[in-house]
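Each chain is listed here by its residues.
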Amino acid sequence: MEMNISGGSSGSGILAKIRRFGGFMSGMVMPNLGAFVGWGIMAALFIPNGWLPNEQLNELVGPILNYVFPLLIGYTAGYNIHGQRGGVIGLFASMGVVVGSDITMISGAMIMGPLAAWVLKKFDQAIDGKIKPGFEMFVNNFSLGIIGAIFTIVAFLSVGPAIRGLVAVLTAGVQWATDNRMIPALSIFMAPAQVLFLNNVVNHGILAPIGYAQAAELGKSIMFLVDTNNGPLLGTLFSIALFGRGKSKNTAPMAMFIAGIAGIGEVYFPFVLGNPIMVFATMGGLAVSLYLQVLLGGGLIGVASPGSLINIALMTPKDAIFANFVSILAGFIVSTLIGMFLLKTFGSGEEGKEYAVGNHKVKSVADFAKQSAKQTALLKEMDAAVQKIIVACDSGMGSSAMGASVLKNLLKKENLTGITVVNSSANKIDSDADLVITLDSLIERAKISGDNDQIAYIPINNFLKESDYDEAIAFVKERNQHGQVNRTTEAHEDTAIIDRKILNEANIVLNQSFENVEEAIVASGQLLVEQGYVTKDYIDQMLERNQRLPVYVGNHVAIPHGLEESRGAIKESGVSIVQVPEGVAFPDGEIAYVFIGIAGKDNSHLEILSVITRSLIDEEKVERIRRAVTAKEIMDVFAK
């Protein structure tokens, strides 16, 4: 039975699937959007028709577009599904589509990257717990290599014929619309072709030859304004700038400038790849624009390259000035209005800070509480009480374990018993969970892993800050006052003590100072190496973990630890503590005075993390650790 808080209509279920697909696409594209903008700036400046043509620097433009972007997308898509291993195989498989085609293959990478990662994830799940100790690295490397090689070869052999077939369909469609005087219908073919990065193939290979033949006879041609017409795509970007969310909303104005003034329309494409429903905004605006061009007699005397508004104006003959101006403006207005409607109706693929209950998303617990009596009755009927909560981080080793400890204490204070709280990697969310709490940046990955529309997701910013769990506590109270929860499990005191094999005074160094975060992480890892908990490779894994997601967890504390894949470098569970009285600044401005290095094997470190967490949520105790002059003083903080 599919849970649908909105009332159970199939329409809302379809909307939820569209939103989820948009979120999945957004998770591939939006993390890389800055690179697209950077490339757009370079292209606008240095291509032969750019503002500052430079033959040497222009050599960067093509390879970045054709190689870097597809590989970035393939890696990101794979990483979202299966962490580092998924990212590696996603990039590997994407290389097959890149080499197998002579056009930009971002769309191919968006298919092969996640597909290869998903297959690898299923394989890893199938062999989990079945590999003899000592053979893990061997099996991991060969399984990724073999599966990756298969997907890369398949991609290489299949992508060429597929693209040729797609181009043949587009060519036939353009020719049909032209022969039957259905010029506005070209938008049906052009809008999707653009976001698949087939715009140059269609424009120069199909539209331009027709346009030059018409221009030789009539002095102008509408065909030159099918792909280069900036009005509709600028309108789509404008609607995203007004009503989008997250990185897409913030970056859309810059993309508008690059696309409109510099004429690099490719920077618009990722926005629609991130939320595919928006292609209809551009399609509608382009159809109206082409209709007005036919009606009013618009057109250009040649291809506007690059397709900026300035170049369009320069290529406009005198008798088409009014027609081109009106049609481009109308395309902008129509696509803006359609885009606004689509964003309001279907939502943005990149959601802001909100949480989801099944297929229904709300901004706050107050909004949830305002749901109708019918929805409340549905909750009762479905026994929707929260019984299992997962606190998830990137690797499931350190910060999530501390977060789970904080949440357990809060639930206990609120007398919310009978609820299981566990920590996990965002890549391994149990499908029987009722609620997942994780960082905003990991929400989409957790949803893909959980694969259950009945799971609720709440983002937090600080694993150690109790107030960050306020929404989660309120949500649990709201759900559990209607649902039936097993109350037989009584709360118990956390009687865990410090295991001296995992943390002792030899694992603590005082009065350290570092130039940057990386130095502090290396020092934390070196302590673990010296005490025999990990191999030297683990330090590299700790550094890479910080590059993916900062190890700062709040309350002036950082928790360096390895990746989910680095467990082979852990000999036994251990914890190191590095005191930095003057602090180390993270890129976002947060200052950490305490670095707690963690190496966890078989979850034997979780009890000690629970003990440590009880102290770290109290900023006064963190300050005591910062000012301690002996290792024993720090151990005493955790003992109280």
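A quick note: this is a predicted structure, and the numbers were derived from the prediction, not measured. (Residues numbered from 1 in each chain as written. Predicted model: local features only at pLDDT ≥ 70, side-chain atom pairs only at ≥ 80, totals over all residues. Heavy atoms only, no water.)

**Side note on the overall build of the chain**
Right, on to step 1. Regarding its fold elements, the chain presents 23 helices and eleven strands.
Right, on to step 2. Here the chain holds 640 residues, and 57% of them are scored as buried.
Right, on to step 3. For the chain, the proportion of contacts with a sequence separation of at least 24, taken over those separated by at least 6, is 73%. (Helix = DSSP H or I, 4+ residues; strand = E, 2+ residues; numbered from the N terminus. Buried < 20%, exposed > 50% of the residue type's maximum accessible area, 1.4 Å probe, protein only. Contact = heavy atoms within 4.5 Å.)

**With respect to the pairing of strand E10 (residues 574–585)**
Right, on to step 1. Of all the twelve residues making up E10, ten are buried; the element is thus mostly covered by neighbouring parts of the structure.
Right, on to step 2. Pairing of E10 with strand E11 (residues 591–599), which is carried by eight bridges, proceeds in the antiparallel orientation. Note that in E11 the partner of Val 578 across the bridge is Phe 595.
Right, on to step 3. The antiparallel pairing of E10 with E11 creates a hairpin that spans five residues between the two strands, and Gly 589 there sits at a positive phi of about 100°. (Pairing = 2+ DSSP bridges.)

**Regarding a nonpolar patch on the surface**
Right, on to step 1. On the surface, Ile 41, Trp 51, Leu 52, Met 254, Phe 257, Ile 261, Leu 309, Ile 310 and Leu 314 cluster together into a nonpolar patch covering about 850 Å² of accessible area.
Right, on to step 2. Listing elements by their share of the nonpolar patch, those giving two or more residues are helix H9 (246–262) and helix H12 (309–314).
Right, on to step 3. When you line up the elements, Ile 310 lands in helix H12.
Right, on to step 4. Look at Ile 310 and you get partly exposed, because its relative accessible area is 36%. (Patch = residues over 30% accessible without salt bridge, like charges linked within 9 Å, V, L, I, M, F, W, Y side chains within 5 Å. Areas by Shrake-Rupley, 256 points an atom, 1.4 Å probe, with all protein chains shown as cover. Salt bridge = Lys/Arg side-chain N within 4 Å of Asp/Glu carboxyl O.)

**Brief notes about the sheet that holds E10**
One key point about sheets: their strands pair by backbone hydrogen bonds, in either a parallel or an antiparallel sense.
Right, on to step 1. Judged by pairing direction, the sheet is mixed, and its five strands sit side by side in the order E7-E10-E11-E9-E8 without closing on themselves. Each of the sheet's edge strands pairs with one partner strand only, and the pair in question is strand E7 (508–509) and strand E8 (552–554).
Right, on to step 2. Relative to strand E9 (residues 557–558), E8 runs antiparallel, the two being bridged by two bridges. Paired with Tyr 552 across the strands is Ala 558, a residue of E9.

**As for the environment of Glu 623**
Right, on to step 1. On the secondary structure map, Glu 623 appears in helix H22 (residues 619–627).
Right, on to step 2. Taking the C-alpha atoms as reference, Glu 623 lies 8.4 Å from Tyr 593; in sequence the two are 30 residues apart.

**Section: the pattern of salt bridges**
Right, on to step 1. The tally for this structure, following the rule as stated, stands at nine salt bridges.
Right, on to step 2. With its nearest N and O atoms 3.1 Å apart, the salt bridge here joins Lys 632 to Asp 636. Of this pair, Lys 632 and Asp 636 both sit in helix H23 (residues 631–639), four residues apart, roughly one helical turn.
Right, on to step 3. Residue Lys 632 is classed as partly exposed on the basis of its relative accessible area, which comes to 46%.

**What about empty space enclosed by the protein?**
Right, on to step 1. Using the criterion set out here, one finds two cavities of 30 Å³ or more in the structure.
Right, on to step 2. Lining the second largest cavity are Gln 194, Val 226, Asn 229, Pro 232, Leu 233, Thr 282 and Leu 286.
Right, on to step 3. Taken together, the elements giving at least two residues each to the lining of the second largest cavity come down to helix H8 (230–243) and helix H11 (279–296).
Right, on to step 4. A breakdown of the residues in the lining of the second largest cavity according to their chemical character gives four nonpolar, three polar and no charged. (1 Å grid on protein atoms, 1.4 Å probe; cavity = no way out; pocket = protein on both sides within 12 Å on 5 of 7 lines; lining within 4 Å. Points joined across faces, edges and corners; volume = space filled by probe spheres on them. Nonpolar A, V, L, I, M, F, W, Y, C, P; charged D, E, K, R; others polar.)

**Let's talk about the packing of aromatic side chains**
Right, on to step 1. Enumeration over the complete set of coordinates arrives at nine aromatic pairs.
Right, on to step 2. By way of ring pairs, the aromatic residues Phe 36, Trp 39 and Phe 69 are connected into one cluster. (Phe/Tyr/Trp six-rings, centres within 6.5 Å; stacked < 30°, edge-to-face > 60°.)

**What to know about the packing of helix H3 (residues 61–99) against helix H5 (residues 136–179)**
Right, on to step 1. It is the contact of H3 with H5, at a shortest axis distance of 7 Å, that shows an interaxial angle of 25°. Put simply, H3 runs roughly parallel to H5. Seen along the crossing, H3 lies across H5 with a hand that is right-handed.
Right, on to step 2. A breakdown of the residues in the contact of H3 with H5 according to their chemical character gives 13 nonpolar, seven polar and one charged. (Axes fitted to C-alpha atoms, helices over the stretch in contact; angles between N-to-C directions. Parallel < 35°, antiparallel > 145°, perpendicular 65-115°, else oblique. Left-handed = near helix turned anticlockwise from the far one by under 90°.)

**Describing unusual backbone geometry**
Glycine aside, residues mostly have negative phi, and peptide bonds are mostly found in the trans state.
Right, on to step 1. Despite not being glycine, Asn 415 has its phi angle at roughly 60°, a positive value.
Right, on to step 2. Mapping Asn 415 onto the fold places it in the loop between helix H16 (399–413) and strand E4 (420–425).

**Quick look at the nonpolar core**
Right, on to step 1. Of all hydrophobic cores here, the largest spans 62 residues; its most connected members are Ile 389, Leu 407, Leu 435, Val 436, Ile 596 and Leu 616.
Right, on to step 2. With seven residues, H16 is the single largest residue contributor to this core.
Right, on to step 3. Counting contributing residues per domain, this core is built from domain 3 (384–483) and domain 4 (505–639), each supplying no fewer than three.
Right, on to step 4. Dropping the residues within four chain positions of it, Ile 389 is found in contact with Leu 407, Leu 411, Ile 419, Thr 420, Val 421, Val 422, Leu 435, Ile 437 and Val 476. (Core = buried A, V, L, I, M, F, W, Y, C linked by side-chain atoms within 4.5 Å. Domains from an automatic or database assignment.)

**Things to note about the side chain of Asn 507**
Right, on to step 1. Following the sequence through the fold, Asn 507 ends up in the loop between helix H18 (470–480) and E7.
Right, on to step 2. Residue classification places Asn 507 among the buried residues on the basis of a relative accessible area of 0%.
Right, on to step 3. A polar contact is formed between the side chain of Asn 507 and the backbone oxygen of Ile 502, at a distance of 3.1 Å.
Right, on to step 4. Not counting residues up to four positions away in its chain, the partners in contact with Asn 507 are Ile 502, Leu 527, Gln 531, Tyr 533, Val 575, Ser 576 and Ile 577. (Polar contact = N/O pair within 3.5 Å; in protein donor to acceptor, adjacent residues only side chain to side chain.)

**Looking at the packing of H5 against helix H6 (residues 186–195)**
Right, on to step 1. Viewed as axis vectors pointing N to C, H5 and H6 meet at an angle of 150°, and their least axial separation amounts to 9 Å. Looking at the two axes, H5 sits roughly antiparallel to H6. By crossing handedness, the relation of H5 to H6 is classed as left-handed. Along the contact surface, H5 presents Leu 170, Gly 173, Val 174 and Ala 177, while H6 presents Leu 186, Phe 189 and Ala 193.
Right, on to step 2. Counted by class, the contact of H5 with H6 contains six nonpolar, one polar and no charged residues.

**Thoughts on the environment of Tyr 457**
Right, on to step 1. Examined against the element boundaries, Tyr 457 turns out to sit in strand E6 (residues 456–460).
Right, on to step 2. We classify Tyr 457 as buried; its relative accessible area is 4%.
Right, on to step 3. C-alpha separation for the pair Tyr 457 and Ile 390, spaced 67 residues apart in sequence, amounts to 9.6 Å.

**Structural notes on the environment of Met 95**
Right, on to step 1. Within the fold, Met 95 resides in helix H3.
Right, on to step 2. Exposure remark for Met 95: the relative accessible area of 31% places this residue in the partly exposed category.
Right, on to step 3. Excluding anything up to four places from it in sequence, Met 95 contacts Tyr 67 and Leu 71.

**Overview of the pairing of strand E5 (residues 435–439)**
Across a regular strand the side chains alternate sides, sitting on one face of the sheet and then on the other.
Right, on to step 1. In terms of burial, E5 is a largely internal element, five of the five residues being buried.
Right, on to step 2. Judged from the three bridges that link them, strand E3 (residues 388–393) and E5 form a sheet pairing that is parallel. Note that in E5 the partner of Ile 389 across the bridge is Leu 435.
Right, on to step 3. Judged from the five bridges that link them, E5 and E6 form a sheet pairing that is parallel.

**Describing helix H4 (residues 106–127)**
Right, on to step 1. With 22 residues, H4 extends 32 Å from end C-alpha to end C-alpha; this agrees with the ideal 32 Å at 1.5 Å per step.
Right, on to step 2. Count one or two residues on from H4 and you reach Gly 129, which has phi positive near 80°. (Expected span 1.5 Å × (residues − 1).)

**Things to note about the confidence of the model for the chain**
Right, on to step 1. Across the chain, the average pLDDT comes to 81, with 85% of residues at 70 or higher.
Right, on to step 2. Low pLDDT (under 50) marks residues 1–12, which in the prediction has 26 contacts with non-local residues, meaning those over four places away or in another chain.
Right, on to step 3. Low pLDDT (under 50) marks residues 483–495, which in the prediction has 26 contacts with non-local residues, meaning those over four places away or in another chain. (pLDDT = per-residue confidence, 0-100.)

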